[in-house]
Structure formats: structure tokens, C-alpha cells
Amino acid sequence: MDSLSSLCSVLIPKRTTSVVCSVCGRLLATCQCLNKRDQGLGWEDQSLSYRYLDFCFDGEPLHEIEAEPEDDLNPYCEKRHQHSEFIPVNEFSLDHLPADLRDPRVYVWLRNCAPLVVRLIKSGIKATGRACVMPSEIKKTMPCDDIHCPYRPLYGNVHNTYGGIGIITNKHVIRDNSDSARTRVDFCYNEENDALLWSELGYVVHVTNKKMDYSVFSCYVHSQDVISFVYTLDSFRNYKWQQIPEKIRMASKQYAIIISHPHGAPKKISIGKVVESEIKDKGSRESQNVAFLNEIFNILEKQGNTGLQRFQAYLNTPLCQDIPISYKITWYTTATCMGSSGAPVYMGNTVTEHGLEINQAHTHRGRDRSKNLNICFT
């Protein structure tokens, strides 16, 4: 009996007839999605259309989402006229920046944002996400439960994976734990046959919001160097944003810069103009709810990681999911294609964290056909 079989015999109850989850293909002992189904905790219909969201806002047109079942830049894509606007990340230079942003400090900042963007693949559907530090998972380990793990020759049949990384994308890409467990996360996919490509599997969803169409799920990795890589870049890009002159930072609000994997292809950068923004549900009740949530966040943020975990748990409660809040839709001309869902959109919108101004990335959602423009919620 090999080491993996020994692990299964220890971890999996004798009554279990199969050691592998029929949904996500991972070991039953650590599977989150099947356990959820067996307990009757809101198992969702699997027949989601990846072309359109299964909901829309009152009075709003249904937006076309951009999760992609194809590969490479599809020559039959209805957006093929924009394909020339995608700049391969390894070829991106200072000259590609608009004139009023053409500063070496902007270039360095953007080059430090790009490596955090990842390709997501789930059952042939391709999308984009971005890696972030997940403090609540740092220093946590779990046995690798991928029965097809490509790293077994390197680390042995039984080995650990390490927590500390979160992946941000759309809700229509990752809806629940079964989605995240079946999703492959490709780091550093910058060109075909990239020697730096490192692939991992997602784990569980930590934050999700149907109305705002975003999800954050954890990703356990085989090398702690990947965690250090994400942590260093996340800190360094925030530091580099501080070095950009205020005049240029203000000018960046005119532009929408997107880093994505269109059609699941190697990473691309595209730059366009912000066209308009509109606040929805801006009544007094919605505004009060936003102020209330901001106040809770500010209080809990001062408690460090424990406080932030409590805030995340609060956001995931059914009560909080149904709270009416105001939100803003922003439209832009930046090139995107199928596969760009979940990509970060940088529009010079800043937040202050721990006393530092940070250029907040928003999450690309898709295209508004009524305006023939791309959109995200901000």
C-alpha cells in the first residue's frame, strides 16, 4: 500500500465507499462541497449559464458576462476588432502608457500589480482573478487532497499545502465551495510554455456577494515561496503608488487599466477611458446602511486580523446579504473579451488602509450591451 492509500485509510471513515468526491474530484476527507450537500446546506443548481448572469437589478439591462469556454484569442470573437489593443504583459513598456501617465513610477507600480493577476480554469471555463494576502489563513497547513497532484514527484505522495493566499474574482465565476474546489489557479501565465507557470487548486469561499458580483476564495499552495511572492508584491505595489506624484494619480482617474487573460490566453494589459459612473439605490436608507457598514469596518479593522475575520463573517450572513445599499456602476472603453471576467480594473479610485492611500482595484464584470461599453461595480 503506497503512502497516499495509507493516508486515505486513516482519514476516511470505514463506511465511506469512495475516497474521492464525485463533484470536485478531491479527497472526501477534506472536501467542502460534498459535505455541504450531504448536510443539506443550500446546494445550488449546477446548470448556471456562463454567458449570462441568472439575475439582474431592478430596471437594469442584463449584462453579458465574460467567463470563457474557448482558448487563445478567438478569431471569431465579436470583439476581435479590439484584439490589437491587448498588450502582452512581457512586452508592456513605458511608451504604452497614455501621455499624462507616462512616468517611470506609474510603470513600476503597474509592473508590480501584473504578477498578482491569475488565470482561473474550471471545467473548461476560463476567467481571471487576482491574488491577495489572506491573513486569517497564514501559517495554516493542510494535507494535499488532489489525487492528481502534479507535485507528487517533487514533494512525495503525502505532503502539505500552505494557506495565506486569497483569490478575488466574480460571483458568476465562483459561486460556492464546489466551484472553488474545482478551480485551477494559474500563477505567472505570461506567455505560452512559460517556465514560471505555477498551478494550484482553490479551496473554500470566504466572502461572496451576489448583488455586487464578487467572491473571494482561499488557495492553498505547495510552496511557501508563492505566499512570500504574493505578500511582497502586494506590499511593494502599495508602496510604489505612494511615490507617484499627486497630479498623475489624479489624472489616472480618467483611465481604466485592466490586466486579464482574454480567452484564457497569456496575460495582457489593456488601457481605455472611463466614460461615466452612476450611483444606484441612492436613497437615504441605502446611504445610511453604507455608512453603518463603514463604521463597523473601521471599528473592527482596529482589532487586526481577528476583527477583519469577524467583519467577513458578518458580510456572509443572510441578513447582511439582503441589506439594501447604494452602489455605483462605472462604464469604460477598455478592451476586454471572454475570459476577462474577474480581472482587476484600476481607475485611480483610492482607499486608505492603515494610514496609507492605496489604488483600489475593482473587479471587471462584463459588457453592457445597451451602451456597448464594459462595466464594473465600484
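Everything here concerns the structure above.
Everything numeric in this text was worked out from a predicted model, so none of it was measured. Here the residue numbers are simple positions, counted from 1 along each chain's written sequence. Per-residue local features of the predicted model are confined to residues with pLDDT of at least 70, and side-chain atom pairs are confined, for both listing and counting, to 80 or more; whole-chain, interface and lining totals are unaffected and use all residues. With hydrogens and water excluded, all non-hydrogen atoms of the structure serve as input to the side-chain values.

Novice: Please give an account of the overall build of the chain that cites residues and values.
Specialist: Under the DSSP-based scheme used, a helix requires at least four consecutive residues in state H or I and a strand at least two consecutive residues in state E, with every element numbered from the N terminus. When you go through the chain residue by residue, the secondary structure sums to 10 helices and 15 strands. Whether two residues are in contact is decided by their heavy atoms, any of which lying within 4.5 Å being enough. Of all intrachain contacts in the chain linking residues separated by at least 6 positions in sequence, the fraction that spans at least 24 positions is 68%. Per element, the accessible surface of the chain, about 17700 Å² overall, is 52% carbon and sulfur. Throughout, the Shrake-Rupley method with a 1.4 Å probe supplies accessible areas, and for residues the shown protein chains are the sole cover considered.

Novice: Lay out the nonpolar core in plain terms, naming residues and giving numbers.
Specialist: Nine residue types can take part in a nonpolar core, namely buried Ala, Val, Leu, Ile, Met, Phe, Trp, Tyr and Cys, and a core is a set of them joined through side-chain atoms within 4.5 Å. Here's how the labels work: a residue is buried when its accessible area is under 20% of the maximum for its type, exposed when over 50%, partly exposed in between, all with a 1.4 Å probe on protein chains only. In terms of nonpolar packing, the biggest core is built from 21 residues, with Trp109, Leu110, Ile259, Ile269 and Tyr346 touching the most fellow members. Every element with two or more residues in this core is listed here: α3 (104-113), α7 (246-251) and β10 (255-260). In terms of residue count, the dominant contributor to this core is α3 (four residues). Non-local contacts of Ile259, meaning those with residues more than four positions away in its chain, are made with Leu110, Cys113, Ala114, Val117, Thr128, Lys267, Lys268, Ile269, Ala343, Pro344 and Tyr346. With 20 residues, the next largest nonpolar core counts Ala127, Ala131, Ile174 and Val185 among its residues.

Novice: Lay out the pairing of strand β15 (residues 373-377) with the relevant residues and their values.
Specialist: Within β15, five of the five residues are buried, which leaves it mostly tucked inside the rest of the structure. Side chains Leu373, Ile375 and Phe377 project from β15 onto one buried face, and the interleaved Asn374 and Cys376 project onto a second face that is buried too. The criterion for strand pairing is that DSSP finds at least two bridges linking the strands in question. Bridge analysis of strand β12 (residues 327-332) against β15 gives four bridges, and the strand direction is antiparallel. Bridge pairing in β15 places Tyr332 opposite Asn374. Across four bridges, strand β14 (residues 356-368) lies against β15 in antiparallel orientation. Of the residues in β15, the one forming a bridge with Gly366 is Ile375. Where β14 hands over to β15, the hairpin turn is made up of four residues, of which Asn372 adopts a positive phi near 55 degrees.

Novice: Requested: an account of helix α6 (residues 224-243), with residues and values cited.
Specialist: Between the first and last residue of a helix there are one fewer steps than residues, each counted as 1.5 Å, and that sum is the expected span. A rise of 1.5 Å per residue sets the reference length of α6, with its 20 residues, at 28 Å; its end C-alpha atoms lie 29 Å apart and thus fit the reference within 8%. Residues of α6 that are buried: Val226, Ile227, Val230, Leu233, Asp234, Arg237, Asn238 and Trp241. For α6, the angular spread of the buried residues around the axis is 135 degrees, confining them to a single face. Working definition: the arc comes from the directions between the helix axis and the C-beta atoms, pointing outward to the latter.

Novice: Tell me what's going on with the environment of Glu278, and back it up with residues and numbers.
Specialist: Looking at the element boundaries, Glu278 is found in strand β11 (residues 268-280). Residue Glu278 is classed as partly exposed on the basis of its relative accessible area of 33%. With 52 residues separating them along the chain, Glu278 and Thr330 place their C-alpha atoms 6.6 Å apart. Not counting the four nearest positions on each side in its chain, Glu278 is found in contact with Tyr327, Lys328, Ile329 and Trp331.

Novice: With reference to specific residues and values, describe the pairing of β11.
Specialist: Sheet analysis places strand β2 (residues 87-88) next to β11, joined by two bridges and oriented antiparallel. Each residue of the ladder has a partner; that of Ile87, found in β11, is Ile269. Bridge analysis of β10 against β11 gives six bridges, and the strand direction is antiparallel. Residue pairing in the sheet places Ile258 in a bridge with Ser270 of β11. Where β11 and β12 come together, six bridges link them in antiparallel fashion. By the bridge assignment for β12, Lys280 is matched with Tyr327.

Novice: Describe α3, naming the residues involved and giving the relevant values.
Specialist: All buried positions along α3 are accounted for by Val106, Trp109, Leu110, Asn112 and Cys113. All buried residues of α3 project into a common sector of 160 degrees when viewed along the axis, lining one side. Each polar contact in these results corresponds to two N or O atoms within 3.5 Å; when the atoms are within protein, one needs to be able to donate a hydrogen and the other to accept it, and residues that are neighboring in sequence are counted only if both atoms are side-chain atoms. One side-chain oxygen of the residue at the start of α3 lies 2.8 Å from the amide nitrogen of Arg105, identifying that residue as Asp103.

Novice: Go over unusual backbone geometry with me, naming the residues and quoting the values.
Specialist: Not every positive phi belongs to a glycine, and Ser123 is a case in point at roughly 50 degrees. Relative to the elements of secondary structure, Ser123 occurs in the loop between β3 (117-122) and β4 (125-133). Backbone geometry at Asn372 places phi at a positive 55 degrees, although glycine is not the residue there.

Novice: Could you give an account of the packing of aromatic side chains, with specific residues and numbers?
Specialist: Aromatic rings from Phe, Tyr and Trp, taking only the six-membered ring of Trp, are treated as a pair when their centres fall within 6.5 Å; an angle between ring planes under 30 degrees marks them as stacked, one over 60 as edge-to-face, and anything in between as tilted. Tallied over the entire structure, the rule returns seven aromatic pairs. Seen from their ring centres, Tyr203 and Tyr220 are 5.2 Å apart, and the 70 degrees between their planes marks the pair as edge-to-face. Placement of the pair is Tyr203 in strand β8 (residues 198-209) and Tyr220 in strand β9 (residues 214-221), with a sequence separation of 17 residues. Residue Tyr220 is classed as buried on the basis of its relative accessible area of 9%. Within the aromatic cluster, the residues linked to one another by ring pairs are Trp109, Trp241 and Tyr346. We call a charge positioned above a ring when the Lys NZ or Arg CZ atom is no farther than 6 Å from the ring centre and deviates by at most 35 degrees from the ring normal. In this structure, Lys273 packs its charged tip against the face of Tyr255, placed 4.5 Å from the ring centre. We note Lys371 situated over the ring of Trp331; from NZ or CZ to the ring centre the distance is 4.8 Å.

Novice: A description of the environment of Ile258 should follow, citing residues and the corresponding values.
Specialist: Considering the arrangement of structural elements, one finds Ile258 in strand β10. Since its relative accessible area comes to 0%, Ile258 is described here as buried. Not counting residues within four places of it along the chain, the set of residues in contact with Ile258 comprises Lys268, Ile269, Ser270, Tyr332, Thr334, Thr336, Ala343, Pro344, Val345 and His364.

Keep in mind that these numbers describe shape and distance, not what the molecule does.
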